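The chain contents come next:
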Amino acid sequence: MSVLLIAEHNNKEVRPFTYNAITAASQINEDLHVLVLGHQADDVAKSLSEVPNVKKVIHVDNEIYENYIAENYTAAIIKHAESYSHIVSSANTFGKNLMPRIAALLDTSQVSDIIKVISEDTFLRPIYAGNAFATVKSNDKKKCVTIRPTSFDPADKSGGSAEITKSDPAEASSSTKFLKKEEVKSDRPELGTARIVISGGRGMQNGENFKLISDIADKLNAAIGASRAAVDAGYITNDHQVGQTGKVVVPDLYIAVGISGAIQHLAGMKESKVIVAINKDGEAPIFSVADYGLEADLFEALPQFLSELNKLNTIQK
Amino acid sequence: MKILVAVKRVIDYNVQIRVKEDGSGVVTDNVKMSTNPPDDNAIEEAVKIKEAGKAKEIVAITIGEEKAQETVRKALAVGADRGIHVKVDNVIEPLAVSKILKKIVEKENPDLVFMGKQAIDDDCNQTGQMLAALLNWPQATFASKIEVRDNVLEVTREIDEGLETIEVNVPAIVTCDLRLNEPRYASLPNIMKAKKKPIEQLNASDLGVDINPRIEQIKVEEPPKRKAGIKVASVEELVQKLKNEAKVI
């Protein structure tokens, strides 16, 4: 049977992690269908139909799908579930909120946050903040799986021409109402997909000092991350949090500044290709995962770092 | 209003996890155990709502082995009124947990069910949403702010893009984020008083739900180790290494 992937989008564009989830989903089974639930999201359906890995797009257009109300989404997905062996989505706040609701109604034990597809019923997933990897086999007939997007490359976006079929909406829930979304707009790359991430921790001391980080982020075209301590202290907004309960990032370069390296933070960044730690405490646990450690006062090191970068003739973007 | 709060006993968040050599799981013997951190936020929020005069009773529930009772006792010490301990002998999956919780909800008739958004042991992030589905109740996950009005909750949720605010009708399930509040510590007199608060004990097998595992854990292994890095002496050296050795800038 085929796999049904639930697309994440903003009604205009496909959200980037959907492409990573497509890669994983098509490793489970090549007959991959994508469900687009949205309001006036024709462009989203069209974009997904052009992904070579996608064999069919099912598009449901209704204003009740303008926002991600899990109750409304679930009712629509259940209507289609019968024809599929697997229902999958990305394991970000979108999929984490949605998939268990679907799984419970299908009486399926969900497999969360997989980092590898071993076979169509067996998967690798991190547990205990990534301090152990579990190989698990699902014995449910129908499987609900969420995919850690940063563990899979994004699928090619063009060259395909899947059929788009329209389908009817399901009933809307009357007990949940969307009020507002406070989205932080930024010209910088998205934290989850950036090639370079520079993060600040409690050592930054206040929100103003994050300017030292943003100046370097501008220079490197990097995304800005933060430890939970920095977010809790109000230095920076929650969408920047990297860690077990925040975002998991796997950039080519991760620069941790003034971050001690609690287990919960390491869970969100230790798979990065190259890790740099700048911390004045030479014993900080962050150094145990760093490829390059600099024991220094960040208030001296960051301006120097910027001026050294300015001296370089070329910087990869 | 009556609030049911679900708490789970897990390996303490500060403990360095060790994988068993035979690949059957992680070492739990002689390891410090605590309440799952965001479950502490769930209890705290319930207590604050009660203190504000908007809830009459808080019932704390845990599902687990004999010692899991400690987490209920702790919840009682910070303000829950009574406890329920559903005994199970083995680790059960979130689907089974939500089926047990559904039975308890049907018996207790709470207006709200709170719990942490995720347990830090299996990192599943499923139980609240599953319970909401089984009860056909609305769900407000990853809550960082809750306002209680007449039979309606306004909940601010932490999502990838920032914050989202939704309104859910009561009865509802809320899963709590770590930023929802600052959990209080139990005072010694309250710990003593908590010892007298009742904890009802039930056996999962008496509840008539299927809690058999659906997922086989084939093996548990250590993640690949990073190779040791080096310390650099200066910012200049760091930038040169990143440029010429790691070739990432």
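Everything numeric here is computed off the predicted structure, so don't read it as measured data.

Draft legend 1. Structural view of the overall build of chain B. Within chain B, the secondary structure is distributed over six helices and 13 strands. The principal-axis extents of the C-alpha atoms in chain B amount to approximately 65 × 45 × 40 Å. Buried residues in chain B amount to 47% of all 249 residues. Within chain B, contacts between residues at least 6 apart in sequence are counted, and of these 69% link residues at least 24 apart.

Draft legend 2. Region of interest: the nonpolar core. In terms of nonpolar packing, the biggest core is built from 187 residues, with A:Leu5, A:Val36, B:Val5, B:Ala60 and B:Val174 touching the most fellow members. In terms of domain composition, this core takes at least three residues from each of domain 1 (2-167) and domain 2 (196-311) of chain A. Other than its neighbours up to four places away in sequence, B:Ala60 contacts B:Val5, B:Val7, B:Ile43, B:Val72, B:Ala75, B:Leu76, B:Ala80 and B:Gly83.

Draft legend 3. Region of the structure containing the packing of helix α3 (residues 70-81) of chain A against helix α4 (residues 93-105) of chain A. Residue and element names in this part refer to chain A. Where α3 contacts α4, the axes come no closer than 9 Å and their chain directions differ by 45°. With respect to each other, α3 and α4 are oriented oblique. Judged by the twist between their axes, the crossing of α3 over α4 is right-handed. Touching Ala70, Tyr73, Thr74, Ile77 and Ile78 of α3 are Asn97, Leu98, Arg101, Ile102 and Leu105, all from α4. Classifying every residue of the contact of α3 with α4 by side-chain character gives seven nonpolar, two polar and one charged.

Draft legend 4. The environment of A:Val289, seen in detail. Relative to the helices and strands, A:Val289 resides in the loop between β15 (274-279) and β16 (292-295). Look past the residues within four positions of A:Val289 in its chain and what remains in contact with it is A:Gly261, A:Leu266, A:Lys270, A:Ile275 and B:Arg226.

Draft legend 5. Structural detail: the interface of chain B and chain A. Taken together, the contact between chain B and chain A spans 62 residues of the former and 73 residues of the latter. Elements with a contribution of two residues or more to the side of chain B that touches chain A: α3 (94-108), α4 (127-135), β7 (139-149), β8 (152-159), β9 (162-169), β12 (215-221), β13 (230-232) and α6 (235-245) of chain B. Take the side of chain B that touches chain A: its biggest share by element is eight residues, from β9(B). Sheet analysis places strand β8 (residues 132-138) of chain A next to β12(B), joined by six bridges and oriented antiparallel. In the sheet register, A:Thr135 faces β12(B), and the bridge partner there is B:Lys219.

Draft legend 6. Just the sheet that holds strand β9 (residues 143-147) of chain A, in detail. Residue and element names in this part refer to chain A. A sheet is described by the order of its strands in space; here seven strands give the open sequence β5-β9-β4-β1-β2-β3-β10, paired in parallel fashion. Edge positions in the sheet fall to β5 (111-114) and β10 (163-167), since each has one partner strand and no second. Within this sheet the neighbouring strands show an average axis-to-axis angle of 25°, counted without direction. Taken together, the six bridges between strand β2 (residues 32-38) and strand β3 (residues 56-61) define a ladder with parallel strand orientation. By the bridge assignment for β3, Val34 is matched with Val57. Relative to strand β4 (residues 84-90), helix α1 (residues 17-28) is tilted by about 150°, and along the sheet it contacts β1 (2-6), β2, β4 and β9.

Draft legend 7. Expanded view of α4(A). Residues and elements named next belong to chain A. The buried fraction of α4 is high, at 12 of 13 residues. Along α4, the residues classified as buried are Thr93, Phe94, Gly95, Lys96, Asn97, Leu98, Met99, Pro100, Arg101, Ile102, Ala103 and Ala104. Of the residues one or two after α4, Asp107 is the one with positive phi, at around 55°.

Draft legend 8. Local environment of the environment of A:Leu253. By secondary structure assignment, the location of A:Leu253 is in strand β14 (residues 253-257). Assessed through the 23 C-beta atoms surrounding it within 10 Å, A:Leu253 is described here as buried. Contacts of A:Leu253, omitting those with residues within four sequence positions, involve A:Ile196, A:Val274, B:Val248 and B:Ile249.

Draft legend 9. Spotlight on the domain arrangement of chain A. Residue and element names in this part refer to chain A. Partitioning chain A into domains gives domain 1 (2-167) and domain 2 (196-311). The centre of domain 1, based on its C-alpha atoms, is set 31 Å off from the matching centre of domain 2. In this assembly, five residues from domain 1 lie in contact with eight residues from domain 2. For the side of domain 1 that touches domain 2, the class distribution of residues is one nonpolar, three polar and one charged.

Draft legend 10. Quick look at the packing of helix α5 (residues 210-220) of chain A against helix α8 (residues 298-311) of chain A. All names here are of chain A. α8 packs onto α5 with a crossing angle of 15° between their chain directions and a minimal axis gap of 9 Å. The angle between α5 and α8 places the two elements in the roughly parallel class. Helix-helix and strand crossings are classified by hand; for α5 and α8 the assignment is left-handed. On the side of α5, the interface is formed by Leu212, Asp215, Ile216 and Lys219, while α8 contributes Leu302, Pro303, Phe305, Leu306 and Leu309. Taken together, the residues of the contact of α5 with α8 sort by class into seven nonpolar, no polar and two charged.

Draft legend 11. Expanded view of the sheet that holds strand β12 (residues 196-200) of chain A. Judged by pairing direction, the sheet is parallel, and its six strands sit side by side in the order β13(A)-β12(A)-β14(A)-β15(A)-β16(A)-β13(B) without closing on themselves. Looking at the sheet topology across the chains shown, the edges are occupied by β13 (223-226) of chain A together with β13 of chain B. Mean inter-strand twist for the sheet, computed between neighbouring axes without regard to direction, equals 20°. Examined bridge by bridge, β14(A) and β15(A) share five bridges and lie parallel to one another. Pairing of A:Tyr254 across the sheet is with A:Ile275, part of β15(A). Running over the sheet, α5(A) touches β12, β13 and β14 of chain A and is turned about 175° from β12(A).

Draft legend 12. Summary view of unusual backbone geometry. Residue and element names in this part refer to chain B. The peptide bond linking Val170 to Pro171 adopts the cis configuration, its omega dihedral lying at 5°. Among the structural elements, Pro171 can be located in the loop between β9 and β10 (172-176). A positive phi angle is found at Lys247, which is not glycine, with a value near 55°. When you line up the elements, Lys247 lands in the segment after α6. Judged by the 11 C-beta atoms lying within 10 Å of it, Lys247 is exposed.

Each value, and the rule that gives it
- Residues numbered from 1 in each chain as written.
- Chains lettered and ligands numbered in written order.
- Predicted model: local features only at pLDDT ≥ 70, side-chain atom pairs only at ≥ 80, totals over all residues.
- Helix = DSSP H or I, 4+ residues; strand = E, 2+ residues; numbered from the N terminus.
- Buried ≥ 20, exposed ≤ 12 C-beta atoms within 10 Å, placed from the backbone.
- Contact = placed C-beta atoms within 7 Å.
- Core = buried A, V, L, I, M, F, W, Y, C linked by C-beta atoms within 7 Å.
- Domains from an automatic or database assignment.
- Axes fitted to C-alpha atoms, helices over the stretch in contact; angles between N-to-C directions.
- Parallel < 35°, antiparallel > 145°, perpendicular 65-115°, else oblique.
- Left-handed = near helix turned anticlockwise from the far one by under 90°.
- Nonpolar A, V, L, I, M, F, W, Y, C, P; charged D, E, K, R; others polar.
- Pairing = 2+ DSSP bridges.

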